[in-house]
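# Reading the structure
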Amino acid sequence: MSTEIGDVLRAVGRIEGRLDAFQADLAAHARHSAASMAELKVEITKRGDDQEKRLTSLEHSRTEDKTAKRVIGGFIALVGLSNVVMWIKSPWS
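Each chain has its residues counted from 1, running along the sequence as written. The predicted nature of this model means local features are confined to residues of pLDDT at least 70 and side-chain atom pairs, given and counted, to a pLDDT of 80 or more, with totals for whole chains, interfaces and linings taken over all residues. By convention in this description, side-chain values take in all heavy atoms of the structure and omit both hydrogens and water.

### Some details on the overall build of the protein
The test is simple: The helix and strand labels rest on DSSP assignments: H or I over at least four residues marks a helix, E over at least two residues marks a strand, and numbering proceeds from the N terminus. The size measure is the radius of gyration over C-alpha atoms, and the globule rule it meets is 2.2 Å times the number of residues to the 0.38 power. Residue burial is assigned from relative accessible area. The probe radius is 1.4 Å, only protein chains are included, and a residue is buried under 20% of its type maximum, exposed over 50%, and partly exposed in between. The method behind every accessible area is Shrake-Rupley, applied with a 1.4 Å probe, and residues are considered shielded solely by the protein chains displayed. Asp and Glu count as negative and Lys and Arg as positive, but His and the ends of the chain are not part of the count. The atom standing in for a charge is NZ when the residue is Lys, CZ when it is Arg, CG when it is Asp and CD when it is Glu.
For the protein, the count of helices and strands is one helix and zero strands. The C-alpha radius of gyration of the protein comes to 40 Å, more than 25% above the 12 Å expected for a compact globule of 93 residues. Counting every position in the protein, which comprises 93 residues, the buried fraction comes to 1%. Accessible surface, the protein: about 8,700 Å² in total, of which carbon and sulfur atoms supply 65%. For the protein, the centre of its 14 positive side-chain charges and the centre of its 13 negative side-chain charges are spaced 13 Å apart.

### Let's talk about the environment of K53
Within the secondary structure, K53 sits in helix α1 (residues 2–89). The class for K53 is exposed, based on a relative accessible area of 59%. Between the alpha carbons of K53 and V84 there is a distance of 46 Å; along the sequence they are 31 residues apart.

### Overview of the pattern of salt bridges
Note that side chains of opposite charge can pair when their charged atoms are close. Just so we agree on the cut-off: We count a salt bridge whenever a side-chain nitrogen from Lys or Arg sits within 4 Å of a carboxyl oxygen from Asp or Glu.
Per the stated rule, a full pass over the model turns up three salt bridges. Here D7 and R10 are joined by a salt bridge, their closest N and O atoms 2.3 Å apart. In this pair, D7 and R10 are both assigned in helix α1, three residues apart and thus about one turn of the helix distant. We note a salt bridge from D65 to K69, for which the minimum N-O separation is 3.4 Å. Of the two residues, D65 and K69 are both situated in helix α1; the distance of four residues between them amounts to about one turn of the helix. By relative accessible area, which is 57% here, K69 ends up exposed.

Okay, here's the thing in structure tokens:
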């Protein structure tokens, strides 16, 4: 009977050892997952900031482009108006 008790105690000891190893492995995976999630959060935040900067830059470029088009359009209209005025005045000069 003591042999059976010894066998049972050894089996329980092996099970406890496996449980301890499993628990340690699980804790290591949890730490690794937490670290990975933190890195992912930083990367997502960084990419979001980069995209926001790019969008802001594009908006500024678009505004500058519209302003340039208006200035060039105004200059062309002024030159055209000047030519019309000169053409009207030329017969009477």
